[in-house]
Amino acid sequence: MDDATAGLTATLAPAAQRARRASGLDIAFIGTTEPGSPGRRLVISSLSGARSTALRGLRVPSGIGLGGRVLAVAHPVVVSDYAAAADITHDYDAIVVGHEGITSVAAVPITRNGRVHAVIYGGTRQGLMVGDRAVRALEVAARQIAAATPQPELPAQPDNRAALDELDRALALASGEMRTRLERVRALLEARPPASPSAPALTARERDVLRHVADGATNLEIAVAEGLRPETVKAYLRSAMHKLGAHTRAAACLHADRLGLLGPAPAHE
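Computed from a predicted model, the values in this text were never measured in an experiment.

Caption draft 1: View of the pattern of salt bridges. All chains considered together, the criterion is met by 7 salt bridges. Across the salt bridge formed by Asp132 and Arg249, the nearest N and O atoms sit 3.0 Å from each other. Residue Asp132 is found in helix 5 (residues 132-147), and its partner Arg249 is found in helix 11 (residues 249-258); the two are separated by 117 residues along the sequence. For Arg249, a relative accessible area of 15% translates into the label buried.

This is the structure in structure tokens:
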């Protein structure tokens with residue numbers, strides 16, 4: 001188990017219960033990445049409000065089910081009708097729907113150092129939907145859990161300068177496939193992190209609207225605060241969600257915050 005995941009495990013016992021209470025949902029549960037597979041597979045552990053033990057110990061690979069999708073995309077996902085959702089696989093319907101009676105569910109990643117180390121879920125029963133306020137409560141819980149996790153010490157990086165210099169000389173003489181291979185070796189030695197995706201170009205109004213949403217304001221409250229019509233607020237919000245690739249208001253806020261787009265308020269454009 002990596003250090004970040006081990007630290008998370010120690011904080012989970014009361015976390016699911018607090019998240020369920022704060023969100024007002026029927027059930028909350030948390031899965032951590034399996035030892036030896038950070039970011040590739042979850043193991044469901046702490047549960048609050050469960051009707052059975054069927055979820056406990058469930059292994060969820062990346063891309064499979066709701067939690068697996070969150071592992072793959074690293075941002076919150078909400079499904080209003082779990083049994084009929086077209087954007088997730090249905091490998092776990094017998095447990096989620098059959099044993100637990102869950103109808104609507106949200107899942108939020110718990111990240112440290114840019115990696116998903118756990119996922120917190122919250123669900124409702126009897127046809128009720130997981131609303132934006134409940135999703136925000138799960139996001140707050142995810143941030144609290146991550147903040148309570150001990151920060152692992154990063155290993156010292158070896159000095160590869162001499163090897164890189166030698167490779168640069170070899171690259172100057174190489175061509176074709178050999179040059180391509182040497183460039184790959186150089187990239188490995190240099191340990192360059194993958195390029196981060198560029199942040200979408202949100203307008204100042206779109207950022208303002210997202211800041212209000214992050215604070216829990218309704219569209220009407222935002223309209224009054226910004227001197228806009230509610231329909232205009234909705235238009236700005238739809239545009240921001242589209243640019244961010246988010247399907248809910250809460251997911252748009254979280255994604256924008258991660259990209260550093262919700263900093264000090266800029267002048268209106």
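Having seen it, we continue.
Caption draft 2: The arrangement of unusual backbone geometry in detail. Non-glycine residue Ala74 carries a positive phi angle of around 60 degrees. Among the structural elements, Ala74 can be located in the loop between helix 3 (65-73) and strand 4 (77-79). For Gln126, which is not a glycine, the phi torsion comes out positive at approximately 60 degrees. Its location among the elements puts Gln126 in the loop between strand 6 (115-125) and helix 5. Residue classification places Gln126 among the exposed positions, given a relative accessible area of 75%.

Caption draft 3: Inspection of the packing of helix 5 against helix 11 at higher detail. One way to put it is that helix 5 packs onto helix 11 with a least axis distance of 8 Å and a crossing angle of 30 degrees. Contacts from Asp132, Val135, Arg136, Glu139 and Arg143 of helix 5 reach helix 11 at Arg249, Ala250, Ala251 and Leu254. Each residue belonging to the contact of helix 5 with helix 11 can be placed in one class, and the counts come to 4 nonpolar, no polar and 5 charged.

Caption draft 4: Representation of helix 3 within the structure. Taking burial as the measure, the 9 residues of helix 3 include 7 buried ones, the bulk of the element. Listing the buried residues of helix 3 in full gives Gly65, Leu66, Gly67, Gly68, Arg69, Val70 and Leu71. Against the buried residues of helix 3 lie strand 1 (27-33), strand 2 (41-48), strand 3 (59-61), strand 4, strand 5 (102-112) and strand 6. At the exit of helix 3 stands Ala74, carrying a positive phi of roughly 60 degrees.

Caption draft 5: Up close: the confidence of the model for the chain. Confidence in the prediction of the chain, expressed as mean pLDDT, is 81, and 79% of residues score 70 or more. Averaged pLDDT values over the elements of the chain bottom out at 50 in helix 1 (residues 3-9) and peak at 95 in helix 4 (residues 93-99). Considering only residues more than four positions removed or in separate chains, one finds that residues 191-196, a stretch of pLDDT under 50, has 1 contact. Counting interchain partners and residues more than four positions distant, the pLDDT-below-50 stretch residues 265-269 has 14 contacts.

Caption draft 6: View of helix 8 (residues 204-214). A large share of helix 8 lies buried, amounting to 9 of its 11 residues. Restricting attention to buried positions, one finds in helix 8 the residues Ala204, Arg205, Glu206, Arg207, Asp208, Val209, Leu210, Arg211 and Val213. Following helix 8 by one or two positions, Gly216 adopts a phi angle in the positive range, close to 90 degrees.

Cut-off values and rules
Residues numbered from 1 in each chain as written. Predicted model: local features only at pLDDT ≥ 70, side-chain atom pairs only at ≥ 80, totals over all residues. Heavy atoms only, no water. Salt bridge = Lys/Arg side-chain N within 4 Å of Asp/Glu carboxyl O. Helix = DSSP H or I, 4+ residues; strand = E, 2+ residues; numbered from the N terminus. Buried < 20%, exposed > 50% of the residue type's maximum accessible area, 1.4 Å probe, protein only. Axes fitted to C-alpha atoms, helices over the stretch in contact; angles between N-to-C directions. Contact = heavy atoms within 4.5 Å. Nonpolar A, V, L, I, M, F, W, Y, C, P; charged D, E, K, R; others polar. pLDDT = per-residue confidence, 0-100.

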